[in-house]
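Per-entry structural report
Residues per chain, in single letters:
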Amino acid sequence: MQVRYFDHAGTTPLDPAVLEAMMPYLRESFGNPMSIYELGGRASAAVQEARADVAALINARPSGVIFTASGAESNNFALRGIALARQNEGKHIIVSKAEHHSVLNSARFLEKQGFIVTYLPIDGYGMVEPETLGKAITKETVLISIILASPEVGTIQPIRELAKMAKEKGIIFHTDAVAAAGQIPIDVKELGVDLLSLSAHQFYGPKGAAALYVREGLRIVPLIYGGIQEGGRRAGTENVPAIAGMGKAAAIARERLSHRIEYLRPLRDRLIEGVKKTDNVYLTGHPAERLPGHASFTVEFVEGEAMLLMMAAKGIYAASGSACSSKALKSSPVLLSMGIPSSVAQGSIVFSLGHENSTDDVEYAITEFSVIAKKLREISPYRGGWGGVEEAEKCIPKK
Amino acid sequence: MYSEKVMDHFMNPRNVGEVENPDGVGAEGNPTCGDVMKITIKVEDGKIADAKFRTFGCGAAIAVSSMVTEMAKGMTLDEALKITKESVANELDGLPPQKMHCSNLGADALKKAIEDYKSKHPQ
Ligand code: FES
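What you see is a predicted model; the values in this text were computed from it and never measured.

Our focus in this paragraph is the overall build of chain B. Within chain B one finds 5 helices and 3 strands. Scaling as 2.2 N^0.38, a compact globule of 123 residues should have a C-alpha radius of gyration of about 14 Å, and chain B matches this with 13 Å. Along the first, second and third principal axes, the C-alpha set of chain B runs to 45 × 25 × 25 Å. In chain B, buried positions account for 56% of the 123 residues. A fraction of 62% describes how many contacts in chain B between residues 6 or more apart in sequence connect residues 24 or more apart. Summed over its atoms, the accessible surface of chain B is roughly 5100 Å², and 46% of this surface lies on carbon and sulfur atoms.

This part takes up the sheet that holds strand 2 (residues 65–68) of chain A. Residue and element names in this part refer to chain A. Spatial ordering of the open sheet is given by 2-8-7-6-5-3-4, a layout of 7 strands whose pairing is mixed. At either margin of the open sheet sits one strand with a lone partner, and together these are strand 2 and strand 4 (116–120). Neighbour-to-neighbour, the strand axes of this sheet turn through a mean angle of 20°, independent of strand direction. For strand 7 (residues 195–199) and strand 8 (residues 210–214), the ladder comprises 5 bridges, and the chain directions are antiparallel. Across the sheet, residue Leu 198 finds its bridge partner in strand 8, namely Ala 211.

For chain A, mean pLDDT is 95; residues scoring 70 or higher make up 97% of the total. Note that pLDDT drops below 50 for residues 395–399 of chain A; the model gives that stretch 12 contacts with residues more than four away or on any other chain.

Residues and elements named next belong to chain A. Quantified by volume, the second largest pocket comes out at close to 310 Å³. Where the lining of the second largest pocket is concerned, the elements lending two or more residues are helix 6 (159–168), strand 6 (172–176) and helix 7 (188–191). Among the residues making up the lining of the second largest pocket, the classes are represented as 8 nonpolar, 4 polar and 6 charged.

Looking at where Gly59(B) falls in the secondary structure, it is placed in helix 2 (residues 59–72). Taking relative accessible area as the criterion, Gly59(B) reaches 0% and is therefore assigned buried. Distance in space between the C-alpha atoms of Gly59(B) and Lys120(B) is 33 Å, their sequence separation being 61 residues. Beyond its immediate sequence surroundings of up to four residues, Gly59(B) is in contact with Glu305(A), Ala306(A), Leu309(A) and Phe10(B).

Residues and elements named next belong to chain A. Remark: helix 9 (residues 304–312) packs on helix 12 (residues 359–379), axes separated minimally by 10 Å, with the N-to-C direction vectors making an angle of 130°. Here helix 12 runs oblique to helix 9, going by the angle between their axes. Remark: the crossing between helix 9 and helix 12 carries right-handed chirality. Here helix 9 contributes Ala 306, Met 307, Met 310 and Met 311 to the contact with helix 12, which in turn contributes Phe 369, Ile 372, Lys 375 and Leu 376.

Residue and element names in this part refer to chain A. Side chains Val 65 and Phe 67 of strand 2 all project onto a buried face; the interleaved residues Ile 66 and Thr 68 project onto the opposite face, where all are buried too. In terms of strand pairing, strand 2 meets strand 8 through 4 bridges, oriented antiparallel. Along strand 8, the bridge assignment pairs Ile 66 with Leu 212.

Taken N-terminus to C-terminus, the directions of helix 9 of chain A and helix 2 of chain B make an angle of 85°; their axes are 7 Å apart at the nearest point. Taken together, the axes of helix 9 of chain A and helix 2 of chain B are roughly perpendicular relative to one another. In this structure, helix 9 of chain A contributes Glu305(A), Ala306(A) and Leu309(A) to the contact, and helix 2 of chain B contributes Gly59(B), Ala60(B) and Ile62(B).

Let's shift gears to the nonpolar core. Grouped together as the largest cluster of nonpolar side chains are 73 residues, with contacts concentrated most on Ile186(A), Leu196(A) and Leu198(A). For this core, the leading source of residues is helix 8 (residues 240–275) of chain A, giving 9 residues. Counting only domains with at least three residues in this core, you end up with domain 1 (4–10 + 258–395) and domain 2 (16–253) of chain A. Ranked by size, the runner-up nonpolar core spans 66 residues in total, among them Val275(A), Phe53(B), Ala60(B) and Met71(B).

Rules used throughout
Residues numbered from 1 in each chain as written. Chains lettered and ligands numbered in written order. Predicted model: local features only at pLDDT ≥ 70, side-chain atom pairs only at ≥ 80, totals over all residues. Heavy atoms only, no water. Helix = DSSP H or I, 4+ residues; strand = E, 2+ residues; numbered from the N terminus. Rg over C-alpha atoms; globule rule 2.2 N^0.38 Å. Buried < 20%, exposed > 50% of the residue type's maximum accessible area, 1.4 Å probe, protein only. Contact = heavy atoms within 4.5 Å. Areas by Shrake-Rupley, 256 points an atom, 1.4 Å probe, with all protein chains shown as cover. Pairing = 2+ DSSP bridges. Axes fitted to C-alpha atoms, helices over the stretch in contact; angles between N-to-C directions. pLDDT = per-residue confidence, 0-100. 1 Å grid on protein atoms, 1.4 Å probe; cavity = no way out; pocket = protein on both sides within 12 Å on 5 of 7 lines; lining within 4 Å. Points joined across faces, edges and corners; volume = space filled by probe spheres on them. Nonpolar A, V, L, I, M, F, W, Y, C, P; charged D, E, K, R; others polar. Parallel < 35°, antiparallel > 145°, perpendicular 65-115°, else oblique. Left-handed = near helix turned anticlockwise from the far one by under 90°. Core = buried A, V, L, I, M, F, W, Y, C linked by side-chain atoms within 4.5 Å. Domains from an automatic or database assignment.

In structure tokens form, the structure reads like this:
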């Protein structure tokens, strides 16, 4: 069966040109970049070249790019590294409720270390309102971290405006751009952020390579101590093949960005229009301020994991924020924070498109989706409405 | 992640719907994730003559509902009361650990349906 892959927010396939760029460093150019002989020099040159390419993707100076092993590591590094570096100036941190677990759980860790954390509410689109941020800032605030774009609902935050508010008060601003990098243009100077996280496997690069951008002159405490790799800020022998791959992926993304966006937007809009033809289906996230390939919904009266399984049986691979589809059996905190009732969040479904998806893929997904939603509603006690089964209703635990 | 049998009962669920004029109705909610399963039964000569379900839940929950109604049909009420989450999971060739509570839901909904019948027909 033909696979139609709609889970690019989960991960993307490796671009063949990226694999090609990685191969020498898995084979003959296996040297350690720290070694002084030619083999080491070759590896070191590959890392520096990749650094320049990743920097160019976000309009940063190469020296501002620190390679890490994952987006989660970059987010941990940003929060913990800045909190520790600034703790003498204040112990208050602000994050939003739209954040990824790696930001939220880093914030929770810092809370245990004596920091005070404010979790900013988001509106029905998953957006942080600048006024809310303004009210949360105190004299003690040292760090603000707000996600650039949500992988769950696709919403793009007004980062420029939010970062400006931080700057006026001398507060460090980090943005998690893992879902956004390579999807939309990013310019760290124009955004006015101090730190930014990005990850290669979200833009057709390999897993195991990611980066944290740190503004020139900003002090950050390392997570990993050891040698002097990455300017002493992140020890450990560099993952040269993955880093070379990330550089290549960044270069390709930069070159084709506007082309990809132009291709994805109409495809996404057609998918949204087609999926919404089924009744009681709602778009989640902002209708306009959203990632070019991102289409996410709640489908009432059915559960997300069941939808995913039926779609997978048809070769359609997508994602869901439902409780039953998560290993922890918890609904997506982002959906709940947007004010979506947990019963409705159970019907979450997320399609994230990539440039290798065709119009045919999208039409096929629309058709199959409507059949599957109908079939599962046939099985559901709610079918046409939440009031359908009174005795069943009573069994739903009130939260 | 699921056995072939789970996938079969999920993709082609048996006994979907409500039996007509049910003798017993049982519904159970899932405290972990808010899902709901409703089972209706028809009782004849002390045996479960028919059982049907409707479920709002994951793939495992739907497969469990299908299996538990299949198992119950033809059993005496006392036999059916002995169905447990383990016996349903076994019939399905196993469930992932985090999905065992979905199996519980099936056994409990059936139990409630039988109790409902018994409360209406005291011996
Ligand atoms: S019904 Fe929610 S996990 Fe099975």
